[in-house]
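# What the coordinates show
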Amino acid sequence: MRNPAVTSGDGAAPPSRASRTGTPGRVDGARLLDRIERFAAIGRGKDGGINRLGFSETDREARTCLAREARHAGLETVIDAGGNVLIRCPAGNGDRPSKPRVLIGSHLDTVANGGKLDGAYGVLAGLEVLETLNASATDTSCEVTVVAFANEEGALFPQPFWGSMVLAGRVDDLPSDPVDYSGKPLRDALALAGGDLSDLRSAAWPPGSLAAYLELHVEQGPVLERLGKPIGVVDSITGRTQFTVVIHGEPGHAGTTPMEGRRDPLITASHAIIAVQRLAREEELCRVATVGWLEVSPNSSNTIPETVRFSVDLRDSSAKRLAAAEATLSGALASVANRGDVRISVEGTIRTDPVQTDDRLREAIAASAKDLGLAYERLPSGAGHDAQVVANITSIGMIFVPSIGGVSHVPWENTAPDDLVAGADVLLQTVLRL
Ligand code: HGY
Ligand code: MN
Ligand code: MN
């Protein structure tokens, strides 16, 4: 067990709330760790990477498994029209107490060849907290619902934060007829997951209906590990601008077409991709800039390509800087297209604002960590999260635990078991504080 230390205050860990009020002080760590390992087997490839792309068959398998686990734990599940899985305590005598509603959770879907904790950890810790509260019949001051947001990553259907945008009522910011990267419509895949594309507005939680949203997540960065602290109190979440660049050239025979006069979209793409990197590395217009996905068609070694498509992902804590970076890049794209005598366009732009977390929730998280004798650090999130979308309708708080080696979105993404349990204990204590 890591030496829990308290960064400020008296250092002695005061008695946990359980001894004061009989409410549960800790989660069942063994049960949580067992579930994390069982869910990690869903969609795991031979090199250990997890492939549960949003609305894919393996994603559906994980959601079905979650609903089964919740039922076995004596909880109720519903799936909303956006495909989000919502878990809550049984209604008992039918009517719900009109307590303020608190949502806790994250997402089950992964990036391609991703890790077992990104998202799933927050969902399973949320389930663990609700099961602990329900089993101890704790009369919390708020009604807790657990959510597994649909398609947070946007790895198959490129509409990241799909489920949280539907729940936050931002349906108008979503494409009306979304398709996946190959053009397959979302309608059927969403229906298979229990959602309904024609009824998305029914899944929106109106502003004011939610008192708070808490998300527990692995840090996916190096800070907590480097500081040797098990708990992160997130103070802000990065802004992000994503889009797809499409370059149309002129296909031809690789052997008979002279170099002079070629209109090769892949050559233009190579200059454009350098321009993306330059935004962050040289011009420092945004914190990071990434091209992670590229598609060449017809993608044949002895044919000059006809079309090239690639993703752009820009991140920064300032929406203004992101807008400036986007404007600079669009100028650079126009000029390389001109030089290459090809046609260039940008598709599917999604801009997600940077957000600050709620200071009341930050204090509750910090006080819970302190009560549990766990050292904590305030830090920003370089990754995007559903929390920044839910921030449109309520106050948000995020809790981090360390990522071993500071890595994520890779098969070897991992966190020490003690830290996973500690994070869930802090989530439980924070919910009890609300
Ligand atoms: O890309 C992100 O920041 C998150 O993992 N969806
Ligand atoms: Mn992720
Ligand atoms: Mn995530």
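Predicted model, so just to flag it, every value in this text is computed and none were measured. (Residues numbered from 1 in each chain as written. Chains lettered and ligands numbered in written order. Predicted model: local features only at pLDDT ≥ 70, side-chain atom pairs only at ≥ 80, totals over all residues. Heavy atoms only, no water.)

## Concerning the packing of helix α4 (residues 120–135) against helix α12 (residues 417–433)
Put simply, the rule is: Working convention: axes come from line fits to C-alpha atoms, limited for helices to the stretch in contact. Angles between N-to-C directions cover 0 to 180 degrees. Numbering of helices and strands runs from the N terminus; a helix is a DSSP stretch of H or I covering at least four residues, while a strand is a stretch of E covering at least two. Angle categories are assigned with fixed cut-offs, so that under 35 degrees is roughly parallel, over 145 is roughly antiparallel, 65 to 115 is roughly perpendicular, and the rest are oblique. The crossing is said to be left-handed when, going from far helix to near helix, the turn is anticlockwise and less than a right angle, and right-handed when the turn is clockwise. Any pair of residues with heavy atoms lying within 4.5 Å of one another is described as a contacting pair. Note on residue categories: nonpolar means Ala, Val, Leu, Ile, Met, Phe, Trp, Tyr, Cys or Pro, charged means Asp, Glu, Lys or Arg, and polar means any other residue, Gly included.
Following both chains from N to C, one finds α4 and α12 inclined at 55 degrees, their axes separated by 10 Å at the closest point. Classified by the angle their axes make, α4 and α12 are oblique. When you trace α4 past α12, the crossing you get is right-handed. Of α12, the residues touching α4 (which contributes Y121, A125, G126, V129, T132 and L133) are D419, L420, G423, A424, L427, L428, V431 and L432. Across the contact of α4 with α12, the residue classes tally to 10 nonpolar, 3 polar and 1 charged.

## Remarks on the coordination of the manganese ion (ligand 3)
Metal coordination angles have textbook ideals: 109.5 degrees for a tetrahedral set of four donors and 90 or 180 degrees for an octahedral set of six. Note the following rule: Think of the donor list as every N, O and S atom within 2.8 Å of the metal, or within 3.2 Å for Na, K and Ca; water never makes the list, so a site can look incomplete. Classification of residues uses two cut-offs on accessible area relative to the type maximum, computed with a 1.4 Å probe and protein chains only: under 20% is buried, over 50% is exposed, and between them is partly exposed.
Around the manganese ion (ligand 3), the protein supplies H107 (NE2), D118 (OD) and H217 (NE2) as donor atoms, at distances of 2.1 to 2.3 Å. Donor residues for the manganese ion (ligand 3), ordered by position in the chain, follow H-x10-D-x98-H. Between the two metal centres, the manganese ion (ligand 3) and the manganese ion (ligand 2), the spacing is 3.6 Å, with D118 acting as a shared donor. Of this pair, H107 sits in strand β3 (residues 101–107) while H217 sits in strand β5 (residues 212–218), and the two are 110 residues apart along the sequence. Assigned by exposure class, H107 and H217 land together as buried.

## Side note on the coordination of the manganese ion (ligand 2)
The manganese ion (ligand 2) binds to the protein through D118 (OD), E153 (OE) and H409 (NE2), with metal-donor distances spanning 2.0 to 2.2 Å. Under the relative-accessibility criterion, H409 is labelled partly exposed at 38%.

## Structural notes on the pairing of strand β4 (residues 143–149)
Heads up, the rule is: By definition, two strands form a pair when at least two bridges between them are found by DSSP. When the strands point away from the viewer and the path from the first strand over the helix to the second turns clockwise, the crossover is right-handed.
Along β4, 7 of the 7 residues are buried, which leaves the element largely enclosed by surrounding structure. In β4, alternate side chains face the same way, and those of E143, T145, V147 and F149 on one face and V144, V146 and A148 on the other are all buried. Alignment of strand β2 (residues 85–88) against β4, held across 4 bridges, turns out to be antiparallel. Within β4, the residue paired with R88 across the bridge is T145. In this structure, β3 lies alongside β4, joined through 7 bridges in parallel fashion. By the bridge assignment, L103 is partnered in β4 with T145. On the question of chirality, the crossover connecting β3 to the parallel β4 by way of α4 is right-handed.

## Details of the packing of aromatic side chains
Inclusion rule: Classification of ring pairs uses Phe, Tyr and Trp, with its six-membered ring standing for Trp, and accepts pairs whose centres are within 6.5 Å; under 30 degrees between planes counts as stacked, over 60 as edge-to-face, and the remaining range as tilted.
Under the criterion given, the structure shown has 3 aromatic pairs. Relative to F157, the ring of F55 lies with its centre 6.2 Å away and its plane at 75 degrees, an arrangement referred to as edge-to-face. In this pair, F55 sits in the loop between α2 (29–40) and α3 (57–72) while F157 sits in the loop between β4 and α5 (162–167), placing the two residues 102 residues apart along the sequence. Assessed through its relative accessible area of 2%, F55 is described here as buried.

## Quick word on the site of ligand 1
Quick reminder of the rule: The cutoff for a nearby residue is simple: one of its non-hydrogen atoms must lie within 4 Å of the molecule or strand. Surface exposure here means Shrake-Rupley accessible area, sampled with a 1.4 Å probe, where a residue is shielded only by the protein chains that are shown.
In the neighbourhood of ligand 1, the contacting residues comprise D118, E152, E153, R240, R315, A383, G384 and H409. Here ligand 1 has 220 Å² of accessible area as a free molecule, and 94% of this is covered by the chains. Within the shell around ligand 1, the residues separate by chemical class into 1 nonpolar, 2 polar and 5 charged.

## Concerning the environment of S317
Here S317 shows up in the loop between β12 (307–316) and α9 (319–340). Not counting residues within four places of it along the chain, the set of residues in contact with S317 comprises T238, G239 and P354.

## Some words on helix α10 (residues 359–371)
Note: α-helices contain 3.6 residues per turn, so residues at a spacing of three or four share the same orientation. Basically, it comes down to this: Between the first and last residue of a helix there are one fewer steps than residues, each counted as 1.5 Å, and that sum is the expected span. Within 3.5 Å is the distance limit for a polar contact, defined as a pair of N or O atoms, with the added protein rule that one can donate a hydrogen and the other accept it, and that residues adjacent in sequence qualify only through two side-chain atoms.
Under the 1.5 Å per step criterion, the end-to-end length of α10 is 18 Å for 13 residues, consistent within 8% with the ideal 18 Å. What α10 keeps buried is the set L361, R362, A364, I365, A366, S368, A369 and D371. Between a side-chain oxygen at the N-terminus of α10 and the backbone nitrogen of R360 the separation is 2.9 Å; the capping residue is D358. Immediately downstream of α10, the backbone of G373 shows phi near 70 degrees, a positive value.

## What about the domain arrangement of the protein chain?
Quick reminder of the rule: Boundaries of every domain are those given by an automatic assignment or by a domain database. As used here, buried area is the combined drop in accessible area, with a 1.4 Å probe, of two parts when they are placed together. What makes a salt bridge here is a side-chain nitrogen of Lys or Arg within 4 Å of a carboxyl oxygen of Asp or Glu, nothing more.
The domain architecture assigned to the protein chain consists of domain 1 (29–238 + 354–433) and domain 2 (240–352). Counting residues at the interface gives 13 residues for domain 1, matched by 13 residues for domain 2. Both faces considered, domain 1 and domain 2 share a buried interface measuring about 1,000 Å² in area, 53% of it formed by carbon and sulfur atoms. Of all residues in domain 1, the largest losses of buried area upon contact with domain 2 belong to Y181, T238 and P354, amounting jointly to 52% of the total for that side. Applying the counting rule to domain 1 against domain 2 returns 0 salt bridges.

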